[in-house]
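# A closer look at the structure
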Amino acid sequence: MNRPMNPDETTRQALIALIPRLRRFARVLTAGSIADADDVVQASLEKAMVNLDQWQPGTRLDAWVFRIARNHWVDDRRRAHNAKGHDDIGEMLDLAGDDGVAVTEASADARMVRAAVDSLPPEQRDVVALVMLEELSYREAADMLGLPIGTVMSRLSRAKAALAKRLTAEGTLQ
Amino acid sequence: MSATFTDAQLAAFLDGSLEDEGLIDAIEAAINADPALAERAEALAAGDDLAPLVRDAFAPLLDAPVPERLTAALAPQPAEVIDLAAVRAAQPSALPTPANDTGRSAWRWPQFGAMAASLVLGLMIGGPLLKGGGSADAPQGGELVLASADLDAMLNAAPSGQRTDLAALGEGEVVLTFRNADGQLCRQFLLEKSGATSDALACATGGGSWQVEAFGRRPAPAGEMKLAGGDAAPAVVAAVDAMIDSDPLVGTDEMAELGKK
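The structure reproduced in this document is the subject of the present report. (Residues numbered from 1 in each chain as written. Chains lettered and ligands numbered in written order. Predicted model: local features only at pLDDT ≥ 70, side-chain atom pairs only at ≥ 80, totals over all residues.)

## Let's talk about the overall build of chain A
Scanning chain A for helices and strands turns up eight helices and zero strands. Seen in sequence order, chain A has helices and strands lined up from the N terminus as α-α-α-α-α-α-α-α. (Helix = DSSP H or I, 4+ residues; strand = E, 2+ residues; numbered from the N terminus.)

## Description of the interface of chain A and chain B
Often the size quoted for an interface is simply the accessible area lost on bringing the parts together. The interface of chain A with chain B comprises 54 residues on the first partner and 55 residues on the second. Every element with two or more residues in the side of chain A that touches chain B is listed here: helix 1 (9–30), helix 2 (34–50), helix 3 (61–78), helix 4 (89–94), helix 5 (100–118), helix 6 (122–133), helix 7 (138–145) and helix 8 (149–170) of chain A. (Contact = placed C-beta atoms within 7 Å.)

## Details of the packing of helix 8 of chain A against helix 2 (residues 21–33) of chain B
For the pair helix 8 of chain A and helix 2 of chain B, interaxial distance at closest approach is 7 Å and the crossing angle is 155°. Considering their axes alone, helix 8 of chain A and helix 2 of chain B lie roughly antiparallel with respect to each other. Judged by residue contacts, Ile149(A), Gly150(A), Thr151(A), Met153(A), Ser154(A) and Ser157(A) of helix 8 of chain A engage Ile24(B), Glu28(B), Ala29(B), Ile31(B) and Asn32(B) from helix 2 of chain B. When its residues are assigned to classes, the contact of helix 8 of chain A with helix 2 of chain B shows five nonpolar, five polar and one charged. (Axes fitted to C-alpha atoms, helices over the stretch in contact; angles between N-to-C directions. Parallel < 35°, antiparallel > 145°, perpendicular 65-115°, else oblique. Nonpolar A, V, L, I, M, F, W, Y, C, P; charged D, E, K, R; others polar.)

## Looking at the environment of Val212(B)
Residues and elements named next belong to chain B. Tracing the sequence through the fold places valine 212 in strand 7 (residues 210–217). On the neighbour-count criterion, valine 212 (21 C-beta atoms within 10 Å) is buried. For the pair valine 212 and glutamine 188, spaced 24 residues apart in sequence, the C-alpha to C-alpha distance is 9.8 Å. (Buried ≥ 20, exposed ≤ 12 C-beta atoms within 10 Å, placed from the backbone.)

## Remarks on the pairing of strand 7 of chain B
Counted residue by residue, strand 7 of chain B has seven buried out of eight residues, so it is predominantly covered. With antiparallel pairing between neighbouring strands as the criterion, strand 6 (residues 196–204) of chain B and strand 7 of chain B make up a hairpin whose turn holds five residues, including Gly208(B) at a positive phi of roughly 95°. (Pairing = 2+ DSSP bridges.)

## A short note on the nonpolar core
Counting residues in hydrophobic clusters, the biggest one holds 63 residues, and the most contacted among them are Ala26(A), Ala69(A), Val128(A), Val131(A), Met153(A) and Val54(B). Looking at this core element by element, the count peaks at nine residues for helix 2 of chain A. Setting aside residues up to four positions removed in sequence, Val54(B) forms contacts with Val113(A), Val117(A), Val128(A), Met132(A) and Leu133(A). With 31 residues, the next largest nonpolar core counts Leu151(B), Val212(B), Val236(B) and Val237(B) among its residues. (Core = buried A, V, L, I, M, F, W, Y, C linked by C-beta atoms within 7 Å.)

## Here's the deal with the pairing of strand 5 (residues 185–193) of chain B
Residues and elements named next belong to chain B. Relative to strand 5, strand 4 (residues 171–179) runs antiparallel, the two sharing eight bridges. Looking at the pairing, arginine 179 lines up with leucine 185 of strand 5. Where strand 4 hands over to strand 5, the hairpin turn is made up of five residues, of which glycine 183 adopts a positive phi near 85°. Direction of pairing for strand 5 relative to strand 6: antiparallel, over a ladder of eight bridges. Within strand 6, the residue paired with phenylalanine 189 across the bridge is alanine 200.

Following this line, the structure appears as structure tokens:
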């Protein structure tokens, strides 16, 4: 009966630890600037805090928060206010790069990969974010998105085909 | 027309090298319809060259410093739980009385220090709700005791779910009635005034009054998200969770228990 009062500090720390992954997830969904992604992350964390009593301890906190983030993004997108911001992840690196040419080449490749991912339709970016980046299984991704597993597979299949085609043409992928 | 697919076809489907759109659709439909085929396809899933490239491209975000506004979204809510010890330590006579419905922003927290917890109770509903140790009839120890006769009456007699007009306090409604481990009768209730909702938990004391155990302002709904049922202030929900030691009392049971609180 000695349960901590709001907010449970362990859960709060777990949420803080999730923020970097959540930013990456939101960045892939929004296909825009880091600030766009952070808007989604901030709103998701606020919703998570308000609804923390709805999370079942023992179930995956990350999956719960990612679902909140995606639902928020889908609702947000329906409101259709989105002027896409430009990809500014590279600018983050400019501050850190000290190995001249190698860094420049690597970041040019990375920029092309991000541009390729950003150009995918939203339903394909969903599965890229969950299966490629978060490394969920097809089944876990299907559960989170509320889709049949074959549909998740075909969306990722089409995403991979589009990415491979574009990146091969650009010489990023041999 | 259950088509059969070779492992090579399924593998090509998974890695994105299948170019026949019709075949992609056919395999998708077949997998969706056939759990055994889905399992076969899952077992064939393999790594590819693309995933590491994509992970590298977005990796900088994982290492980047987290903006303060994001961690701030997870900051503990100040003074959502009444800290009885802090209130006891405070000098109740120094408690400022809001002259009118000035709202929270008119008060600066630091200058009140330990009294903030009791102060916020009054401010949240726009007026003094409590009587502190400063008045002559205050209980020893400075517990927070409800000072509204209307609120007292609601807690003493109103069944759960019934809206009650609380005059200057707005409207109230008891949400939940239960007994705690000490056998005290406790009631979670909400107060609504000018569109703002607060939640509280009070337990009956031996002396027949109600002592506030937790109190919180309900967060304004974020964005357009519809909050599900259990959307009371988290501090109050947590307090109820920690204290509840009986099934919720409803109907005639609730009335009977109120009679012998």
